[in-house]
Amino acid sequence: MVDIAEFKQNLGLREVPVELEKLIYFQNTISSFENYSQGFGVLIDDKSGLKSWSDDENFLNSMLPFAQANGSGSFYAIWNNGTDQPLNKMPVVVFGDEGGVHIVAENSIQLLHLLTFDTEISVDFDEAYFYREEEDYEESPDLNEYLRWMKGDYGVSQIEEPDVLIQNAQAQYKESFDLWFGQYFEDH
């Protein structure tokens, strides 16, 4: 169970994007961690994973880690890119457990849409992508509940080509993110 008050306090926020608050409610009451999308779960993160990239305060204050991205240690964070947009309109970044940092979604809703693919994200130095072998694929136990929730709350169906969404997010934010990130970490 993720306590929403603790989640907000941990990120230093008075409010979190409504999409994340609803997702936490979904995870806490309808499903559970890793049960609605393979490898994914909202969690309270102490930024230790971020600190392995840089301990610069500006870097740490601009990244809001909020979820496990896969079962091997990758995680998602919202990048507060310094614009005056609300957090739910800011890009989402994946930090790979074996290296690689990539923009994966233009905003919170797009990340939630990516999760409907129901497979762990793969992250390497050059790219982040979703792939599954259909003959080996085993649906998450609560995927259908998640799909119903996404359709009802956001009007989106299960994504067929997640990499298109990632490519669009990259087209919009990759260059500016790489420039910003390069201030704190050279070898990306």
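Residues numbered from 1 in each chain as written. Predicted model: local features only at pLDDT ≥ 70, side-chain atom pairs only at ≥ 80, totals over all residues. Heavy atoms only, no water.

Chemist: Give a detailed account of the environment of Met63, specifying residues and quantitative values.
Modeler: Of note, Met63 is situated in strand β2 (residues 63-68). A C-alpha to C-alpha distance of 8.9 Å links Met63 and Lys47, two positions 16 residues apart in sequence. When sequence neighbours within four positions are dropped, the list of residues in contact with Met63 reads Lys47, Leu50, Ala77, Ile78, Trp79, Val93, Phe95, Phe177 and Trp180. (Helix = DSSP H or I, 4+ residues; strand = E, 2+ residues; numbered from the N terminus. Contact = heavy atoms within 4.5 Å.)

Chemist: Report on the environment of Val101, specifying residues and quantitative values.
Modeler: Looking at the secondary structure, you find Val101 in strand β5 (residues 101-105). As for Val101 and Phe125, which are separated by 24 residues in sequence, their C-alpha atoms are 7.2 Å apart. If sequence neighbours within four positions are ignored, Val101 has contacts with Trp53, Val93, Val94, Phe95, Phe177 and Phe181.

Chemist: Kindly report on the side chain of Asn107, identifying the contributing residues and their values.
Modeler: Checked against the element boundaries, Asn107 lands in the loop between β5 and α5 (108-115). Residue classification places Asn107 among the buried residues on the basis of a relative accessible area of 17%. A polar side-chain atom of Asn107 sits 2.9 Å from the main-chain amide nitrogen of Gln110. Beyond its immediate chain neighbours, meaning those up to four positions away, Asn107 contacts Asn88, Lys89, Met90, Pro91 and Val92. (Buried < 20%, exposed > 50% of the residue type's maximum accessible area, 1.4 Å probe, protein only. Polar contact = N/O pair within 3.5 Å; in protein donor to acceptor, adjacent residues only side chain to side chain.)

Chemist: Please provide a residue-by-residue account of the nonpolar core, values included.
Modeler: Within soluble globular proteins, side chains that are nonpolar generally end up buried alongside one another. Of all hydrophobic cores here, the largest spans 39 residues; its most connected members are Tyr76 and Val104. Counting 18 residues, the second largest nonpolar core, distinct from the first, contains Ala77, Val93, Ile103 and Phe177. (Core = buried A, V, L, I, M, F, W, Y, C linked by side-chain atoms within 4.5 Å.)

Chemist: So, the pattern of salt bridges: which residues are in play, and what are the values?
Modeler: Tallying each qualifying case throughout the model produces 4 salt bridges. Notably, a salt bridge pairs Arg132 with Glu134, separated by 2.9 Å at the nearest N-O pair. (Salt bridge = Lys/Arg side-chain N within 4 Å of Asp/Glu carboxyl O.)

Chemist: Residues and numbers for the sheet that holds strand β1 (residues 41-42), please.
Modeler: Spatially, the 5 strands line up as an open sheet ordered β1-β2-β3-β4-β5, and their pairing is antiparallel. A strand with exactly one partner marks an edge of an open sheet, and here the two such strands are β1 and β5. Inspection of the sheet shows strand β3 (residues 75-79) paired to strand β4 (residues 92-95) by 4 bridges, in the antiparallel sense. Across the sheet, Phe75 pairs through a bridge with Phe95, a residue of β4. (Pairing = 2+ DSSP bridges.)

Chemist: Pulling in residues and values, what's your account of the pairing of β3?
Modeler: Of all 5 residues in β3, 5 are buried; the element is thus mostly enclosed. Residues Phe75, Ala77 and Trp79 of β3 are buried on one face, and the alternating residues Tyr76 and Ile78, pointing to the opposite face, are buried as well. Pairing between β2 and β3: 5 bridges, direction antiparallel. Opposite Gln68, over in β3, you have Phe75 as the bridge partner. Connecting β2 to the antiparallel partner β3 that follows it, the hairpin turn spans 6 residues, and Gly73 within it adopts a positive phi of roughly 115°.

Chemist: Before we move on, could you go through helix α1 (residues 4-11) and cite the residues and values that matter?
Modeler: Listing the buried residues of α1 in full gives Phe7, Lys8 and Leu11. When α1 is viewed along its axis, its buried side chains cluster within an angular range of 95° and face the same direction. Exposed positions of α1 whose direction lies more than 90 degrees from the buried face are Ala5 and Gln9. At its buried positions, α1 is contacted by α2 (18-29), β1 and β2. Two to three positions downstream of the cap, the backbone nitrogen of Ala5 sits 3.1 Å from a side-chain oxygen, assigning the N-cap of α1 to Asp3. Of the residues flanking the end of α1, it is Gly12, one or two places downstream, whose phi is positive at about 70°. (Arc of directions from axis to C-beta.)

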